[in-house]
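Breakdown of the fold
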Amino acid sequence: MALVELKNVSRIYKSGEHEQKALDDVDLEFGEGKFIVVLGPSGAGKSTLLNLLGGLDSPTEGTIVVDGQDISKLSADELAEYRAKSVGFVFQFYNLIPTLTVRENVELVNQISPNPLSGEQMIEEVGLSDHLNNFPSELSGGEQQRVSIARALAKNPKILLCDEPTGALDSETGVVVLKLLLKMARNYGKTIIIVTHNQNIAKMADEVVRVKNGKIKSVEMQENPLDADEVDW
């Protein structure tokens, strides 16, 4: 059974009499522990797909099942609980609280997650044990992004959703972040879903989903995906 399953999912936004179909009758399945890249140009529907999977939005039509739970029919309060229990988010910008230390930023999830992992352990996993008491302003961009990944992982989510996680980083730092995300999929069994326009990241994926004009154009399985340091950036 797939960890994530979308059936006939559409998302329509209305403005007066105008309708915009951001997603159009999408069918997808994602397995547990997979590293998945969703590719497409701006306006293709990538972020809408991520928002629906993360419980930040609900479909106009269709069903979305995550770990056996149909999230497409949940109320706002139930979606908040789903986000707290099941989903980690990593965005292009780090969304760290500037007045809190690295440790405090990561351990914030203890307030919302019913089964969090050790914040210190996750900080160690991202290679920042020496920066536990530093503030975000004392870190580089790549280090701040690694803190945001540690925070997302400390929630112990079923899936980790990443929206252009290397978009604000130089290529060398981006490779470090991508290797870390790969490690989380391979060693911790997390399902990692990255939306991006970067074709190079697709070479690392177990599955590549191509989206255009709200429709799924193709789903490609890759038997031997590359490691980040094998990709010609």
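The structure this text deals with has already been given above.
Residues numbered from 1 in each chain as written. Predicted model: local features only at pLDDT ≥ 70, side-chain atom pairs only at ≥ 80, totals over all residues. Heavy atoms only, no water.

What about the nonpolar core?
- Grouped together as the largest cluster of nonpolar side chains are 41 residues, with contacts concentrated most on F35, I149, L160, L181 and I192.
- Mapped onto this core, the elements with two or more residues apiece are β3 (35-39), α3 (102-107), α4 (119-125), α5 (141-154), β7 (159-163), α6 (171-188), β8 (191-196) and α7 (199-202).
- Looking at this core, the element that brings in the most residues is α6, giving eight residues.
- Among the nonpolar cores identified, the runner-up in size contains 29 residues, and V4, L50, L74 and I193 belong to it. (Core = buried A, V, L, I, M, F, W, Y, C linked by side-chain atoms within 4.5 Å. Buried < 20%, exposed > 50% of the residue type's maximum accessible area, 1.4 Å probe, protein only. Helix = DSSP H or I, 4+ residues; strand = E, 2+ residues; numbered from the N terminus.)

Concerning the pairing of β7
- Across the five residues that make up β7, a large majority, five, are buried.
- Taken together, the four bridges between strand β6 (residues 87-90) and β7 define a ladder with parallel strand orientation. Bridge pairing in β7 places F89 opposite L161.
- Of the strand pairs in this sheet, β7 and β8 are connected by five bridges, and their pairing is parallel. Directly across from L161, in β8, lies its bridge partner I193.
- Read as a crossover between parallel neighbours, the route from β7 over α6 to β8 is right-handed. (Pairing = 2+ DSSP bridges. Right-handed = clockwise from strand over helix to strand, strands pointing away.)

Points about the pattern of salt bridges
- Taken as a whole and judged by the stated rule, the model has 12 salt bridges.
- The partner of D24 in a salt bridge is K215, with the nearest N and O atoms 3.0 Å apart. Here D24, found in strand β2 (residues 18-30), pairs with K215, found in strand β10 (residues 215-221); they are 191 residues apart in sequence, far enough to count as distant.
- The closest approach of N and O atoms between R210 and E220, which form a salt bridge, is 2.7 Å. With R210 in strand β9 (residues 207-212) and E220 in strand β10, the pair connects residues that are 10 residues apart, well separated along the chain.
- Residues joined by salt bridges that share partners form a network here, namely K21, D24 and K215. (Salt bridge = Lys/Arg side-chain N within 4 Å of Asp/Glu carboxyl O.)

A closer look at helix α2 (residues 76-86)
- Among the residues of α2, L79, Y82, A84 and S86 are the ones counted as buried.
- Packing partners of the buried residues in α2 comprise α1 (46-53), β4 (61-66), β5 (69-70), β6 and β7. (Contact = heavy atoms within 4.5 Å.)

Details of unusual backbone geometry
- A positive phi angle is found at D25, which is not glycine, with a value near 55 degrees.
- Mapped onto the elements, D25 comes out in strand β2.
- You will see that E164, though not glycine, has its phi angle at about 50 degrees, which is positive.
- Here E164 is to be found in the loop between β7 and α6.

Overview of the sheet that holds β8
- The mixed open sheet is built from six strands, whose spatial order is β6-β7-β8-β3-β9-β10. Each having just a single partner strand, β6 and β10 make up the two edges of the open sheet. Each strand axis lies, on average, 20 degrees off the axis of its neighbour in the sheet, ignoring direction.
- Packed on one face of the sheet, α2 meets β6 and β7 and runs near 75 degrees to β6.
- Here α5 sits on the sheet and contacts β6 and β7; the angle it forms with β6, its principal contact strand, is near 175 degrees. (Axes fitted to C-alpha atoms, helices over the stretch in contact; angles between N-to-C directions.)

Concerning the sheet that holds strand β1 (residues 4-15)
- With antiparallel pairing, four strands are arranged side by side in an open sheet as β2-β1-β4-β5. With one partner strand each, in any of the chains shown, β2 and β5 form the two edges of the open sheet.
- Sheet topology note: the β1/β2 ladder contains nine bridges and is antiparallel. The residue of β2 that forms the bridge with R11 is L23.

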